[in-house]
Amino acid sequence: MIGGDEPMFVEELTKIRDSETKADEILKKAKLDAKQSLEAARSEAVKLTDEARAKGKSIYDALVAEGEAEADRQYETFLEKTRDDCRVMKESAKKREDKVIDYIAERIVGASVDH
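The rules behind these values
Residues numbered from 1 in each chain as written. Predicted model: local features only at pLDDT ≥ 70, side-chain atom pairs only at ≥ 80, totals over all residues. Heavy atoms only, no water. Helix = DSSP H or I, 4+ residues; strand = E, 2+ residues; numbered from the N terminus. Rg over C-alpha atoms; globule rule 2.2 N^0.38 Å. Lys, Arg positive; Asp, Glu negative; His and termini not counted. Charge placed at Lys NZ, Arg CZ, Asp CG, Glu CD. Patch = residues over 30% accessible without salt bridge, like charges linked within 9 Å, V, L, I, M, F, W, Y side chains within 5 Å. Areas by Shrake-Rupley, 256 points an atom, 1.4 Å probe, with all protein chains shown as cover. Salt bridge = Lys/Arg side-chain N within 4 Å of Asp/Glu carboxyl O. Buried < 20%, exposed > 50% of the residue type's maximum accessible area, 1.4 Å probe, protein only.

## Quick look at the overall build of the chain
So, step 1. Along the chain, the regular secondary structure elements total one helix and zero strands.
So, step 2. The globule rule puts the C-alpha radius of gyration for 115 residues at 13 Å, and the 48 Å found for the chain is more than 25% above it.
So, step 3. Seen through its principal axes, the chain has C-alpha atoms that stretch 160 × 25 × 10 Å.
So, step 4. When the 22 basic and 28 acidic side-chain charges of the chain are each reduced to a single mean position, those positions are 4 Å apart.

## A look at the environment of Asp 50
So, step 1. Structurally, Asp 50 can be placed in helix H1 (residues 5-114).
So, step 2. Here the alpha-carbon distance between Asp 50 and Ile 101, two residues 51 residues apart in the chain, equals 74 Å.

## What to know about the environment of Arg 87
So, step 1. Residue position: Arg 87 is located in helix H1.
So, step 2. Residues Arg 87 and Asp 33 lie 54 residues apart in sequence; the distance between their C-alpha atoms is 80 Å.

## Describing a nonpolar patch on the surface
So, step 1. Side chains of Phe 9, Val 10, Leu 13 and Ile 16 sit close together on the surface and give an oily, nonpolar patch of about 340 Å² of accessible area.
So, step 2. Along the chain, Phe 9 turns up in helix H1.

## Remarks on the pattern of salt bridges
Any two side chains of opposite charge can pair, given that their charged atoms come close.
So, step 1. Tallied over the entire structure, the rule returns ten salt bridges.
So, step 2. Two residues, Lys 15 and Glu 11, come together in a salt bridge whose shortest N-O distance is 3.8 Å. Note that Lys 15 and Glu 11 are positioned in helix H1 at a spacing of four residues, about one turn of the helix.
So, step 3. The class for Lys 15 is partly exposed, based on a relative accessible area of 44%.
So, step 4. Here the residues in one salt-bridge network are Asp 84, Arg 87 and Glu 91, joined through shared partners.

Right, here's the structure in full:
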């Protein structure tokens, strides 16, 4: 080599090495950034999943409670109607009780007279 070209070659070689070092640093930083972004995304996904699960459970619990309340209302309505039906049948039977007693007494007396 020519004596004057050597410092220029060393300078160019130094620039290349510096560029490679910077490129390695940029690559390492990019990998670290990507890893951190992935971890943040995973963390956010877990958070969103947990929130969705909690919201779903809350909605489910509310619907179950609403269904149970409706079932209780229907049950109470049914019981009240059944009580009313029983009361009506009892009143009806009570009204016919005297007629039935008279009828049975006539049959007994009639059967006794015939013998």
